[in-house]
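The lines below spell out each chain.
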2 protein chains.
Amino acid sequence: MAKDKKVEQITDMEVDFAQWFTDVCRKAQLIDYSAIKGVFIYRPYGYAIWENMMHILDKEFKKNGVENVYMPMLIPESLLQKEKDHVEGFAPECAWVTHGGNDKLEERYAIRPTSETLFCEHFANVLQSHRDLPMKYNQWCSVLRWEKTSRPFLRHREFLWQEGHTIHATAQEAQEFTETMLHVYGDFCENVLAMPVTRGQKTDKEKFNGAEATYTIECMMHDTKALQAGTSHYFGDGFAKAFNIEFTDKNNQKTAPFETSWGVSTRLIGGIIMTHGDNNGLVLPPLVAPIQVVVLPVAQHKPGVLDAAAELRDRLTASGLRCKMDDSDNSMGWKCAEYEMKGVPLRVECGPRDLEKGECVLVRRTDREKVVCKLEELETAVAEQLKIVQQQMFDKAKKNLDDHIYEAHSLEEAKQLQQDNGGYIKTMWCGDEACELKMKEVAGMSSRCIPFAQEHLDDVCPVCGKPAKKMVYWGVAY
Amino acid sequence: MAKDKKVEQITDMEVDFAQWFTDVCRKAQLIDYSAIKGVFIYRPYGYAIWENMMHILDKEFKKNGVENVYMPMLIPESLLQKEKDHVEGFAPECAWVTHGGNDKLEERYAIRPTSETLFCEHFANVLQSHRDLPMKYNQWCSVLRWEKTSRPFLRHREFLWQEGHTIHATAQEAQEFTETMLHVYGDFCENVLAMPVTRGQKTDKEKFNGAEATYTIECMMHDTKALQAGTSHYFGDGFAKAFNIEFTDKNNQKTAPFETSWGVSTRLIGGIIMTHGDNNGLVLPPLVAPIQVVVLPVAQHKPGVLDAAAELRDRLTASGLRCKMDDSDNSMGWKCAEYEMKGVPLRVECGPRDLEKGECVLVRRTDREKVVCKLEELETAVAEQLKIVQQQMFDKAKKNLDDHIYEAHSLEEAKQLQQDNGGYIKTMWCGDEACELKMKEVAGMSSRCIPFAQEHLDDVCPVCGKPAKKMVYWGVAY
């Protein structure tokens, strides 16, 4: 007997986007709260998305010659203090270990907020000759930042990420690698997560503590706010000099290498939710969805239905898909709502009448379009529908982005456009931090990036009227 | 021109086994020291072994219905204190966080030494009905234990591991699952790591803090000392009751579930080194070796050699193997010594004369046996040689184990046998902790386990003369 389990409602996104987001995180069982404020538990369904992302990204890193390592989670305070800008940026939000067992430590240790200092110390220990270069390391781990406010996936005191750290013999090679990794992130977002990105450079004000240049991919969420989805930093030889990292070059001279670091985090899951989700819940990109296809037997008590459904599941699993059949005694209505909530990209329905005709029905999560499929063509048809889902997701997000970029030529115009429409406001900029601060103060927007794809909108800065140097995208960010 | 780089020597294992071990860890670039005593850096070659192990184990876990999650690294002191035996065991070796940013915390937090308490709290939050059971969770993470002494891989203050935590509706199901996971570990050690294991139960003295029963796999190292390589714990409903974990059973009654946990760590890498290594360095089991085959071109300046070697590498890579070609300008002697040190299971040599004959030479790391191979049979021949290497490694370790198990019928005999031969001393045991302590005091041995495969050696306990209950393996352990 079908049990009529009630479908839990989530807040409509148009009513309260923030509440909708929290509802989705909780009801799709992505995350749970822990005993400590701002620290979250990654539940199986949430963690599985991250696992799939790790798997794909890790392969891309390795294609680029990157090797994985694991550095300690603790940083002695004296080590953190070696690079001035870096410690100023991070020390105020470190969690500090003061006791080991029953003993007070001679020096306190920070739980890593990021590991530049640890990698630098290690590079100084192991680097000898130009033959050892480049060294391209990465680690998958969690980091701690003791921030005041928190939000699932977007701002955790402890979050999962990867941090790559590389050293190179020349500045040019390091600069190129910084951009290479930014494009790895950008391509991953666009091709895997179906999230269009804007690639560009951060202003000096927004760059990473201690970096010479920070590059970023910015994504626009459904509510037209911006999400910084990944960054890649070029350090020059500043850290190397602060940490005495040296190698013997081809002319037998001691010299400092040039350094990069780059990272993405589980914040990307927040990005997926807010880019693709709708009032029925999650919509997951097929390539990272924990369940890519769910098979739902219709009238499953009828003879032969369950066996046929199981066979479909087995065939799809054998074709390399993450596939699940739900033959629980919940009602069909509940099941449909449940897997829509969980964002499963494609549903396969098969009932006695479909099976009689040698057919089943494929239903896309994106638009609920039903496609009748001959059983013998199942694998091809499912693969094709998943491609369509992926494309639909990208197109919808791309349209949202394209529809919400506005050009402004004065501070007032920028403010008004942001108030009326949200999104990115693009303007020229003279390069002065004073004008950047003014934009924040007056129009409530931070500079999101100086896009690689520059346009000449005007000759002067809309804030101060001095000659313009660059075009900037401004926005309100998560 | 071949550069005559000097091959660094390692201490002979017969001279100083501990020094040999440290030399291997350092010179094979598995590990590096960090700024904090007892905390180590996992370098790319060491971490890659762990990655391969994780990959294989994770699949096995998932076959057993286990899902991955990620729990916070911090445990509030009050949470850690909820289960009495558990906190007594772990609190003395916790690292404590007392400050977040500039603020003193109201309650101090331990960095997880293990996460039973966190999983219990989460289970209490999410478990509702018997339909939710079993919940089988696992996480891959690092844990901290602030111990006084340390040694690469064997005892780190911070080490990488996995910890599985499950809850079940019945005691029987939980008990069975505890043993299932022990056998997953045992089979992994034997079939993947080529390390024969002794499977059994720990005595009450040696069991995990808070567990009702602890099962273990014990491995014998080359020096005949024992290494506890993995454990699986059955908790009954003790933790569940301490943490108020409840579910509604089929009769609509609130009841506590039964719990298990199980873990292996990077200590297994220490086990691999000490089981299989020799005076030339590491010997790595093919299934987890970061480089399974190294292709070394002989007289590589001769026309055609490098291209031919690259083709062999490409073919082996295409066949699914982790394969590397070394065409650096180091001498052939240096390269052979280097990849022996790194424990690469198989070396492929190809020079002009081999190639003329349409052949190459395969050299096994285990016994340096050379096998001539027709180029067209490369993939099959390499696969076959890797199987032989795996078998040779297991057989050698199994012989070492079998040759060093001695039967004793008195305390004095046990002591003498251990002094003369090391290894495991097997005796009967009455079950009293007093006799176990006496064995430690007099013969310097701890109980390694009560093997599943029991033998009746005698009617009485060799220590007290009272009726014997079980046969125990005793040994000196890492």
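Residue numbering note: each chain is counted from 1, following its sequence as written. Lettering of chains starts at A and numbering of ligands starts at 1, both following the order in which they are written. In keeping with the model being predicted, local features are shown solely for residues with a pLDDT of at least 70 and side-chain atom pairs are shown and tallied solely at 80 or more, while totals for entire chains, interfaces and linings include all residues. Think of the side-chain values as coming from all heavy atoms in the structure, minus any hydrogens and water.

A. View of the environment of B:Ile450. Residues and elements named next belong to chain B. As for its position among the elements, Ile450 is in strand E22 (residues 446-451). Sequence separation between Ile450 and Gln391 is 59 residues; the distance between their C-alpha atoms is 28 Å. Beyond its immediate sequence surroundings of up to four residues, Ile450 is in contact with Gly200, Gln201, Lys202, Thr203, Trp429, Lys470, Met471 and Val472. What counts as a helix is a DSSP run of H or I of at least four residues, what counts as a strand is a run of E of at least two, and both are numbered from the N terminus. Only heavy atoms matter for contacts: two residues are in contact if any of them lie within 4.5 Å across the pair.

B. Main features of the interface of chain A and chain B. In this assembly, 53 residues from chain A lie in contact with 53 residues from chain B. Buried surface at the junction of chain A and chain B, both sides included, amounts to about 4400 Å², of which 60% is carbon and sulfur. Area buried by chain A at its contact with chain B is led by A:Pro44, A:Tyr70 and A:Met73, which between them contribute 14% of it. Any Lys or Arg side-chain nitrogen found within 4 Å of a carboxyl oxygen on Asp or Glu counts as a salt bridge. At the surface where chain A touches chain B, the tally comes to 6 salt bridges. A salt bridge links B:Arg131 to A:Asp329; the shortest N-O distance between them is 3.5 Å. Two N or O atoms count as a polar contact when they lie within 3.5 Å, although within protein this holds only if one can serve as hydrogen donor and the other as acceptor, and sequence-adjacent residues are included solely when both atoms are side-chain atoms. Our enumeration of links across chain A and chain B arrives at 25 residue pairs in polar contact (both at pLDDT 80 or more). The greatest single-element share of the side of chain A that touches chain B, amounting to 6 residues, is contributed by strand E5 (residues 95-100) of chain A. Each residue is assigned to one class: nonpolar for Ala, Val, Leu, Ile, Met, Phe, Trp, Tyr, Cys and Pro, charged for Asp, Glu, Lys and Arg, and polar for all the others, Gly among them. Looking at side-chain class alone, the side of chain A that touches chain B contains 29 nonpolar, 10 polar and 14 charged residues. Once two parts are brought into contact, the accessible area they lose, counted with a 1.4 Å probe and summed over both, makes up the buried area.

C. Representation of the packing of aromatic side chains in the model. All names here are of chain A. Between rings of Phe, Tyr and Trp, where Trp is taken as its six-membered ring, a pair exists when centres lie within 6.5 Å; planes separated by under 30 degrees are stacked, by over 60 edge-to-face, and by other angles tilted. In this structure the tally under the stated criterion is 40 aromatic pairs over all chains. Their ring planes at 65° and their centres at 5.2 Å tell us that Phe61 and Trp262 sit as a pair that is edge-to-face. Taken together, the residues span a long stretch of sequence, with Phe61 in helix H2 (residues 44-63) and Trp262 in strand E14 (residues 258-265) at a distance of 201 residues. Here Phe61 matches Trp262 in class, with each residue buried. Ring geometry for Phe208 and Phe235: centres 5.9 Å apart, planes at 70°, overall edge-to-face. Taken together, the residues Phe208 in the loop between strand E9 (198-201) and strand E10 (213-220) and Phe235 in strand E11 (residues 226-236) connect sequence positions 27 residues apart. Looking at Phe208, the relative accessible area reads 13%, which means it is buried. Counting every residue linked through ring pairs, the aromatic cluster contains Trp50, Phe61, Trp140, Phe177, Tyr185 and Trp262. Think of it in three bands: residues with accessible area under 20% of the maximum for their type are buried, residues over 50% are exposed, and the middle band is partly exposed, with areas taken using a 1.4 Å probe on protein chains only.

D. Expanded view of helix H6 (residues 171-192) of chain A. Residues and elements named next belong to chain A. What a helix is expected to span follows from its residue count: subtract one and scale by 1.5 Å. Taking 1.5 Å per residue, 22 residues should reach 32 Å; H6 reaches 31 Å between its end C-alpha atoms and fits that length. Those residues of H6 that fall on the buried side of the exposure criterion are Ala174, Phe177, Thr178, Met181, Leu182, Val184, Tyr185, Gly186, Phe188, Cys189 and Val192. Looking one or two residues past H6, Ala194 carries a phi angle of roughly 60°, positive in sign.

E. How the structure looks around helix H1 (residues 17-27) of chain A. Residue and element names in this part refer to chain A. All of the buried residues in H1 are Phe17, Trp20, Phe21, Asp23, Val24, Cys25 and Lys27. Elements in contact with the buried residues of H1: strand E1 (31-33), helix H8 (267-276) and helix H10 (332-341). The backbone nitrogen of Ala18 has a side-chain oxygen 3.2 Å away, supplied by the residue at the start of H1, namely Asp16. In the segment just after H1, Gln29 is the residue with positive phi, at about 55°.

F. Region of interest: the state of the cysteines. Residue and element names in this part refer to chain A. A pair of sulfur atoms, both from cysteines and within 2.5 Å, is called a disulfide here. The full count for this structure, using the stated rule, is 0 disulfides over all chains. There is no disulfide at Cys350, and the cysteine sulfur nearest it, in Cys360, is 6.7 Å away. The thiol of Cys373 is unpaired, and the distance to the nearest cysteine sulfur, on Cys360, comes to 4.2 Å.

G. Inspection of the pairing of strand E7 (residues 135-144) of chain A at higher detail. Residues and elements named next belong to chain A. Most of E7 sits inside the fold, with 10 of its 10 residues counted as buried. The two faces of E7 match: Met135, Tyr137, Gln139, Cys141 and Val143 on one face and Lys136, Asn138, Trp140, Ser142 and Leu144 on the other face are all buried. Of the strand pairs in this sheet, E7 and strand E8 (residues 158-168) are connected by 10 bridges, and their pairing is antiparallel. Within the sheet, the bridge partner assigned to Tyr137 lies in E8 and is His165. Should DSSP find at least two bridges between two strands, the strands are regarded as paired.

H. Just the environment of A:Asn280, in detail. Note on placement: A:Asn280 falls in the loop between H8 and strand E15 (293-297). When residues no more than four places from it in sequence are discounted, the contact partners of A:Asn280 are A:Ile10, A:Glu340, A:Met341, A:Arg365 and A:Arg368.

I. Quick look at the sheet that holds strand E16 (residues 323-325) of chain A. All names here are of chain A. As summarised here, the arrangement of the 5 strands in space is E16-E15-E17-E18-E19, forming an open sheet in which the pairing is mixed. Sheet topology places E16 and strand E19 (370-374) at the edges, where each strand pairs with a single neighbour. Adjacent strand axes in the sheet meet at a mean angle of 25°, parallel and antiparallel pairs treated alike. Two elements, E15 and strand E17 (residues 346-350), share 5 bridges in a ladder whose sense is parallel. Directly across from Val295, in E17, lies its bridge partner Val348. Here helix H9 (residues 305-318) sits on the sheet and contacts E15, E16, E17 and strand E18 (359-364); the angle it forms with E16, its principal contact strand, is near 170°. Axis lines are fitted to C-alpha atoms, over the contacting stretch for helices. Their N-to-C directions set the angle, which ranges from 0 to 180 degrees. In the packing of helix H12 (residues 378-402) onto the sheet, the strands contacted are E15, E17, E18 and E19, and the crossing angle to E18 comes to about 15°.

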